[in-house]
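Descriptive analysis of the structure
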Amino acid sequence: MKYISTRGAAPILTFGEAMMTGLARDGGLYVPETVPQMAQADIAALAGLPYEEVAFRVMRPFLGTTFTDDEFRGLIAKAYAGFGHDARAPLVQLGPNHFLLELFHGPTLAFKDFAMQLIGQMMQAALAKTGDRITIVGATSGDTGSAAMEAFRGLANVDLFILYPHGRVSEVQRRQMTTPTEGNVHALAMDGDFDDAQARVKDMFNDFAFRDGVRLAGVNSINWARVLAQVVYYFSSAVSLGAPHRAVSFTVPTGNFGDIFAGYIARQMGLPIEKLVIATNQNDILDRALRSGAYVTDGVKPSISPSMDIQVSSNFERALFDAYGRDGKAVAQLMAELKAGGFHISQGALETLRATFGSGRCSEEETTATIRTAFARTGEVLCPHSAVGVKVAEEHLGTAPMITLATAHPAKFPDAVEGAMGTRPALPPRMADLFDRPERVTRVANDLAALQTLIRERIGG
Ligand SMILES: Cc1ncc(COP(=O)(O)O)c(C=O)c1O
Ligand SMILES: N[C@@H](CCOP(=O)(O)O)C(=O)O
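For the structure given in this document, a descriptive report is provided here. (Residues numbered from 1 in each chain as written. Chains lettered and ligands numbered in written order. Predicted model: local features only at pLDDT ≥ 70, side-chain atom pairs only at ≥ 80, totals over all residues. Heavy atoms only, no water.)

1. Concerning the nonpolar core
Soluble globular proteins tend to pack their nonpolar side chains together in the buried interior. As a reminder, the rule being used: Here the nonpolar core consists of buried residues drawn from Ala, Val, Leu, Ile, Met, Phe, Trp, Tyr and Cys, with membership extended through side-chain atoms lying within 4.5 Å. Throughout this description, buried means an accessible area under 20% of the type-specific maximum (1.4 Å probe, protein chains only), exposed means over 50%, and partly exposed covers the range between. A run of H or I in DSSP becomes a helix once it reaches four residues, and a run of E becomes a strand once it reaches two; helices and strands are each numbered from the N terminus. Only heavy atoms matter for contacts: two residues are in contact if any of them lie within 4.5 Å across the pair.
One finds Phe152, Tyr233, Tyr234, Phe235, Phe250, Phe316 and Ile345 to be the most contacted residues of the largest nonpolar core, which totals 115 residues. Residue contributions to this core peak at twelve residues, all from helix α10 (residues 224-240). Once you skip the residues sitting within four places of it in the chain, Ile345 turns out to touch Ala289, Gly293, Phe316, Leu320, Tyr324, Leu350 and Leu353. Counting residues in each nonpolar core, the second largest holds 22 residues, with Val137, Phe161, Met190 and Ala197 among its members.

Put into structure tokens, the structure is as follows:
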């Protein structure tokens with residue numbers, strides 16, 4: 001199993017190498033050279049299996065020889081042992097043909113835990129074999145950072161730096177990142193928005209002297225292993241609603257396009273998915289791009305669903321790579337144009353994208369109204385991101401059952417939920433003292449050289 005870059009000019013890697021590499025050295029993102037196919041009988045056989053076994057069967061073909069089967073089963077078991085629901089990703093019914101996939105029962109209450117807990121286990125296992133020490137730098141709009149802190153805190157051979165946009169994450173998210181006491185994890189509150197933070201992380205990867213000097217690794221969804229782990233719950237949920245004998249659709253609250261791209265991979269593997277619907281908040285660049293063909297940034301607007309306040313949607317590059325017939329040069333050209341503000345998707349590529357993806361946008365007012373009405377109708381308390389998904393899904397209901405991804409727990413965004421319903425959702429008991437724990441955070445400027453100096457000093461390099 002080999003991995004190639006979306007820009008076509010980086011070394012071809014194995015799964016294990018791609019996981020430890022993060023961003024490709026030509027600035028692109030790694031994707032499988034060919035996507036393994038799952039036969040209909042093998043998909044049907046997933047019905048009724050524990051989540052961990054589904055995870056093993058779905059991901060195994062992508063791994064090559066990186067882990068033995070026994071090792072991989074052990075890592076999966078450890079990754080999901082701390083989840084607060086036996087089903088790991090339970091489905092609840094919202095309406096006659098509409099289901100909600102609750103992805104917030106992991107340790108930090110967001111879907112990121114599904115991949116981050118596993119990647120934490122896989123990276124530790126890989127590092128134990130080589131004896132290497134790595135520096136992970138990640139950008140977050142709130143959830144990736146908290147999930148990464150939880151997965152990597154206290155590890156002897158990893159230093160983790162998380163850049164989050166100062167003042168633009170919820171208080172619960174911030175405290176999840178600033179209250180871990182372990183010395184190997186570092187919360188950095190940066191001037192700017194998420195796109196700035198993500199750009200600085202990519203700059204660090206593209207500075208080879210720095211990258212090689214600190215042994216840089218990434219845990220954002222630039223890392224293929226992150227995307228792969230998220231493919232699993234598309235299978236587990238679709239099968240429980242009758243796949244492969246019945247097709248389903250998904251609506252995915254979208255920002256960096258990693259989660260919905262995992263659904264795209266599930267579809268490529270053979271899971272019968274009719275439509276994958278991109279749901280955006282007022283940062284609606286992906287919805288506009290799908291409608292008009294113009295992918296043009298116009299500045300991040302802070303919203304009540306802050307984790308999706310993104311304009312430079314990193315993983316869209318992976319979808320463009322396929323839509324352009326896997327032409328790395330064409331993708332490199334589009335990404336160069338994006339640096340200058342935007343690009344136009346060719347008519348052929350746009351039609352290819354539209355054959356798989358639908359899209360919709362949810363305003364701030366609609367998000368608030370959806371939290372309120374969904375609770376009144378179903379008793380389900382939605383986080384604002386999940387509400388964006390539910391609102392857009394309702395506009396796309398068809399004959400196939402619709403599964404909307406509930407990407408975070410409402411207690412991570414108590415202000416938005418209180419604004420809609422008048423009551424504040426409570427944190428789980430294990431986090432009840434989150435607001436009493438001391439915070440540790442460094443304010444940093446949006447300045448690449450200064451960030452690199454800080455990281456080198458902290459790791460003693
Ligand atoms: C709660 C929540 N919902 C949705 C998203 C969007 O997911 P993606 O960036 O994979 O599109 C994020 C951020 O990634 C998130 O944290
Ligand atoms: N919404 C994300 C943004 C980063 O996305 P990633 O999937 O690329 O890590 C967050 O919560 O940080």
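2. What about empty space enclosed by the protein?
This is how it is decided: A cavity here means a set of 1 Å grid points, computed over protein atoms only, where a 1.4 Å probe fits but cannot escape. A pocket is an open set with protein on both sides within 12 Å along at least 5 of 7 lines, and lining residues have an atom within 4 Å of a point. Grid points are joined across faces, edges and corners, and a volume is the space filled by probe spheres set on the points. Residue polarity is assigned by list, with Asp, Glu, Lys and Arg as charged and Ala, Val, Leu, Ile, Met, Phe, Trp, Tyr, Cys and Pro as nonpolar; anything else, Gly included, falls into the polar class.
Counting across every chain of the model gives two cavities of 30 Å³ or more. Put simply, the largest cavity is a space of about 300 Å³. Taken together, 27 residues make up the lining of the largest cavity; nearest its centre are Phe111, Lys112, Gly255, Asn256 and Ser307. Those elements giving two or more residues to the lining of the largest cavity turn out to be α6 (143-152), α10, β9 (248-253) and α11 (258-269). Ranked by residues supplied to the lining of the largest cavity, first place goes to α11 with three residues. For the lining of the largest cavity, the class distribution of residues is ten nonpolar, 13 polar and four charged. By volume, the second largest cavity is sized at about 30 Å³. Lining the second largest cavity are Val31, Pro32, Val35, Phe261, Tyr264, Ile265, Arg318, Asp322 and Arg326. Breaking the lining of the second largest cavity down by element, the ones donating at least two residues are β2 (30-32), α11 and α13 (316-323). Residue contributions to the lining of the second largest cavity peak at three residues, all from α11.

3. Description of the site of ligand 1
Stated formally: Note on definitions. A residue lies near a molecule or strand when any single heavy atom of the residue is within 4 Å of it. Residues adjacent in sequence count toward polar contacts only when both atoms are side-chain atoms; beyond that, a polar contact is any pair of N or O atoms within 3.5 Å, and within protein one must be able to donate a hydrogen and the other to accept it. The protein chains shown are the only cover counted for residues, whose accessible areas, like all others here, come from Shrake-Rupley with a 1.4 Å probe. Assignment to a cavity or pocket requires that more than half of a molecule's atoms be within 2 Å of the site's grid points.
Close contacts around ligand 1 come from 15 residues, with Lys112, Asp143, Gly255, Asn256 and Thr407 the closest. Within the backbone of Asp259, one N or O atom sits 2.9 Å away from an oxygen atom of ligand 1. Contact between ligand 1 and Thr407: a nitrogen atom at 2.8 Å from a side-chain N or O atom of the residue. A total of 380 Å² of accessible area belongs to ligand 1 in isolation, and the protein chains cover 98% of it. When atom positions are compared with the pocket grids, ligand 1 is found to occupy the largest cavity. When its residues are assigned to classes, the shell around ligand 1 shows five nonpolar, seven polar and three charged.

4. Some words on the packing of helix α5 (residues 112-130) against α10
We count it as follows: In this description, a line fitted to the C-alpha atoms serves as the axis of each element, helices being fitted only across the stretch in contact, and the angle between N-to-C directions of two axes falls anywhere from 0 to 180 degrees. Angles are sorted into four bins: roughly parallel if under 35 degrees, roughly antiparallel if over 145, roughly perpendicular if 65 to 115, and oblique for all others. Handedness of each helix crossing follows the sense of rotation of the near helix against the far helix: counterclockwise by less than a right angle gives left-handed, clockwise gives right-handed.
Between α5 and α10, the least distance of the axes is 8 Å, while the angle of their chain directions is 125 degrees. Regarding the angle of α5 to α10, the classification is oblique. Both α5 and α10 take part in a crossing whose hand is right-handed. Contacts from Lys112, Phe114, Ala115, Met116, Leu118, Ile119 and Met122 in α5 reach Ala225, Arg226, Ala229, Gln230 and Tyr233 in α10. Its residues assigned to classes, the contact of α5 with α10 shows nine nonpolar, one polar and two charged.

5. Some remarks on the sheet that holds strand β3 (residues 91-95)
Strand pairs in the sheet, formed through backbone hydrogen bonds, run parallel or antiparallel to each other. So the rule is basically this: The rule for pairing is simple: two strands pair if DSSP sees at least two bridges between them.
A sheet is described by the order of its strands in space; here six strands give the open sequence β3-β4-β14-β9-β10-β13, paired in mixed fashion. Sheet topology places β3 and β13 (357-361) at the edges, where each strand pairs with a single neighbour. The average angle at which neighbouring strand axes cross in this sheet is 25 degrees, direction not considered. Strand direction decides the pairing type here: β3 and strand β4 (residues 98-102), joined by four bridges, are antiparallel.

6. What to know about the site of ligand 2
As a structural note, the neighbourhood of ligand 2 is formed by 13 residues, with Thr140, Asp143, Thr144, Ser221 and Asn256 the closest of them. Note that an oxygen atom of ligand 2 is positioned 2.6 Å from one of the side-chain N or O atoms of Thr144. A distance of 2.8 Å separates an oxygen atom of ligand 2 from a polar side-chain atom of Arg226. For ligand 2, the protein covers 95% of the area, taking 340 Å² as the surface of the free molecule. In this structure, ligand 2 is accommodated by the largest cavity.

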